[in-house]
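The chain contents come next:
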Amino acid sequence: MKKNKVFLTIMFLVLTNTIFCQDKPTKYQFMVIEYVGPPGKWISVSIDGEKFSLESVVYESWEKETPNANPLLSKVKEYQNKDWEVMNFETQISSGGNEFFFAYLRKKKVD
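Basis of the calculations
Residues numbered from 1 in each chain as written. Predicted model: local features only at pLDDT ≥ 70, side-chain atom pairs only at ≥ 80, totals over all residues. Heavy atoms only, no water. Helix = DSSP H or I, 4+ residues; strand = E, 2+ residues; numbered from the N terminus. Buried < 20%, exposed > 50% of the residue type's maximum accessible area, 1.4 Å probe, protein only. Contact = heavy atoms within 4.5 Å. Pairing = 2+ DSSP bridges. Axes fitted to C-alpha atoms, helices over the stretch in contact; angles between N-to-C directions. Core = buried A, V, L, I, M, F, W, Y, C linked by side-chain atoms within 4.5 Å.

1. Quick notes on the overall build of the protein chain
If you tally the helices and strands in the protein chain, you get two helices and five strands. In the protein chain, the order of α-helices and β-strands from amino to carboxyl end is α-β-β-β-α-β-β. Counting only residues that meet the buried cut, the protein chain has 24% of its 111 residues in that class. Taking the intrachain contacts of the protein chain between residues at least 6 apart in sequence as the baseline, contacts between residues at least 24 apart amount to 47%.

As structure tokens, then:
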């Protein structure tokens, strides 16, 4: 009987310690970078549904005629240097011929 009480007490302490010592789930900020390829001329950045920016894109003459994701990739690299991590890329083509490029990024929130 005494062994059972000791065993149950030890199990209770181990389980309690396990529950209270678990790490909190990691929280992230999320970002979407959208770029409308030629003939479009803009790139937008949305961060956590709170910040938004819209920038115009200047093309070289040869870039206007080709599918060109360089402006998107440059913007992604800029944010990677600020500790953002790429989760996914996506490309969509509309019936009007525009190409939409998306990059999805995340960054650990600092508490």
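2. Comments concerning the pairing of strand β1 (residues 28-36)
Sheet topology note: the β1/strand β5 (residues 99-108) ladder contains nine bridges and is antiparallel. Directly across from Ile-33, in β5, lies its bridge partner Ala-103. Bridge count for β1 against strand β2 (residues 42-47) is six bridges, and the pairing is antiparallel. Bridged to Ile-33 within β2 is Val-45.

3. What to know about the sheet that holds β2
Read from one edge of the open sheet, five strands run β3-β2-β1-β5-β4, paired in antiparallel fashion. Of all the strands in the sheet, just β3 (51-56) and β4 (85-93) have a single pairing partner and so form its edges. Taking each pair of neighbouring strands and ignoring which way they run, the sheet shows an average axis angle of 15 degrees. In the packing of helix α2 (residues 70-80) onto the sheet, contacts are made with β1, β2, β3, β4 and β5, and the angle to β1 comes to roughly 160 degrees.

4. Thoughts on the environment of Asp-48
Position of Asp-48 relative to the elements: it lies in the loop between β2 and β3. Classification of Asp-48 as partly exposed rests on a relative accessible area of 26%. Linking Asp-48 and Phe-30, residues 18 residues apart in sequence, is a C-alpha distance of 5.1 Å. Among residues more than four places away in sequence, those in contact with Asp-48 are Tyr-28, Gln-29, Phe-30 and Lys-109.

5. Overview of the nonpolar core
One finds Met-31, Ile-33, Tyr-35, Leu-72, Tyr-79 and Leu-105 to be the most contacted residues of the largest nonpolar core, which totals 15 residues. For this core, the secondary-structure elements that each account for two or more residues are β1, β2, α2 and β5. Apart from residues no more than four positions distant in its own chain, Ile-33 is found in contact with Ile-43, Ser-44, Val-45, Leu-72, Lys-75, Val-76, Tyr-79, Phe-101, Phe-102, Ala-103 and Leu-105.

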